[in-house]
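The primary structure of each chain is shown beneath.
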Amino acid sequence: MPTTTAARRRAAEAAAYDAYLAWCPARQLLDRIGDKWVSLLVSALAEGPLRYSDLRRRLAGVSEKMLTQTLRALERDGLVSRTVTAGVPARVDYELTGLGRDLLPLVRQIKDWAESHMPQVLAARAAYDEDHRTPD
């Protein structure tokens, strides 16, 4: 049996991930990072650690349940770290990990694109709705 170099083995492992396949874990990760709360949380944590209450204020409209679930999922995926400091009450800070900071430029670009292209999207929606309006 021929030997495989470490570089070839890593390349083969990387090629094994194909998000177009239903079973691929990369598809699950794409689903996670495509979530609106994830992109907004990653962006909010760009400047450094924030407390839960600060995140809740920053992300208008997020429920406590959704914020907690999203933070736990990001922590599980290694994108966010959670630090508890003893005290009354205990202080809990959330911060991007190295992996989360790697994701940040991509998330920021998508957020910036969405904000800068809203006029065109709104115009396209209005034109579509006008073209597809059902007659009374």
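Refer to the structure above for everything that follows.
Residues numbered from 1 in each chain as written. Predicted model: local features only at pLDDT ≥ 70, side-chain atom pairs only at ≥ 80, totals over all residues. Heavy atoms only, no water.

Student: I'm lost on the packing of helix H3 (residues 36-44) against helix H6 (residues 98-116) in this one. Help?
Tutor: Between two packed helices, what matters for the description is the angle formed by their axes and the separation of those axes. The interhelical angle for the contact between H3 and H6, taken along N-to-C directions, is 110°, at an axis separation of 9 Å. One finds that H3 runs roughly perpendicular with respect to H6. Crossing of H3 against H6: the hand is left-handed. Contacts between H3 and H6 involve Ser39, Val42 and Ser43 from the first element and Gly100, Leu103, Leu104, Val107, Arg108 and Lys111 from the second. In terms of residue class, the contact of H3 with H6 is built from four nonpolar, three polar and two charged. (Axes fitted to C-alpha atoms, helices over the stretch in contact; angles between N-to-C directions. Helix = DSSP H or I, 4+ residues; strand = E, 2+ residues; numbered from the N terminus. Parallel < 35°, antiparallel > 145°, perpendicular 65-115°, else oblique. Left-handed = near helix turned anticlockwise from the far one by under 90°. Contact = heavy atoms within 4.5 Å. Nonpolar A, V, L, I, M, F, W, Y, C, P; charged D, E, K, R; others polar.)

Student: Before we go on, may I ask you to explain the packing of H6 against helix H7 (residues 118-131) in this structure?
Tutor: Two elements in contact, H6 and H7, have axes separated by 5 Å at closest approach and are oriented at 55°. Comparing the axis directions of H6 and H7 gives the class oblique. Counting all contacts with H6, which are made through Ala114, Glu115 and Ser116, the residues of H7 involved are Met118, Pro119 and Gln120. In terms of residue class, the contact of H6 with H7 is made up of three nonpolar, two polar and one charged.

Student: Where do I start with the nonpolar core in this structure?
Tutor: In a soluble, globular protein the nonpolar side chains are often hidden away together inside. In terms of nonpolar packing, the biggest core is built from 20 residues, with Leu41, Val42, Leu55 and Tyr94 touching the most fellow members. For this core, the secondary structure elements donating two or more residues are H3, helix H5 (64-76), strand S3 (91-96) and H6. Here the element with the most residues in this core is H3; it accounts for five residues. In contact with tyrosine 94, other than residues within four places in its own chain, are Leu45, Gly48, Pro49, Leu50, Tyr52, Leu55, Leu71, Val80, Ser81 and Arg82. (Core = buried A, V, L, I, M, F, W, Y, C linked by side-chain atoms within 4.5 Å. Buried < 20%, exposed > 50% of the residue type's maximum accessible area, 1.4 Å probe, protein only.)

Student: Looking at this structure, I do not really get the sheet that holds strand S2 (residues 80-85). What am I missing?
Tutor: Whether parallel or antiparallel, the strands of a sheet pair through hydrogen bonds between backbone atoms. One open sheet accounts for three strands, arranged S1-S3-S2; its pairing is antiparallel. Both edges of this open sheet fall to strand S1 (50-51) and S2, since each of them pairs with a single strand only. Relative to S3, S1 runs antiparallel, the two sharing two bridges. Residue arginine 51 lies in a different strand from S3, and its bridge partner there is aspartate 93. (Pairing = 2+ DSSP bridges.)

Student: Please clarify how the side chain of threonine 70 should be interpreted in this entry.
Tutor: Here threonine 70 lies in helix H5. Look past the residues within four positions of threonine 70 in its chain and what remains in contact with it is Trp37, Val38 and Leu41.

Student: Would you take a moment to explain the layout of surface pockets for this structure?
Tutor: Space inside the largest pocket adds up to approximately 240 Å³. Ile33, Ser39, Leu106, Val107 and Ile110 are, among the 13 residues lining the largest pocket, the residues nearest its centre. For the lining of the largest pocket, the secondary-structure elements that each account for two or more residues are H3 and H6. Ranked by the residues each element gives to the lining of the largest pocket, the list is headed by H6, at six residues. Partitioned by chemical class, the residues of the lining of the largest pocket number seven nonpolar, three polar and three charged. Roughly 180 Å³ of volume is contained in the second largest pocket. If you trace the second largest pocket, you find it lined by Trp37, Leu40, Ser43, Ala44, Arg58, Leu59, Ala60, Arg108, Lys111 and Asp112. Of all the elements in the fold, those that place two or more residues in the lining of the second largest pocket are H3 and H6. Here the lining of the second largest pocket gets four residues from one element, more than from any other, and that element is H3. The residue inventory of the lining of the second largest pocket, partitioned by class, reads five nonpolar, one polar and four charged. (1 Å grid on protein atoms, 1.4 Å probe; cavity = no way out; pocket = protein on both sides within 12 Å on 5 of 7 lines; lining within 4 Å. Points joined across faces, edges and corners; volume = space filled by probe spheres on them.)

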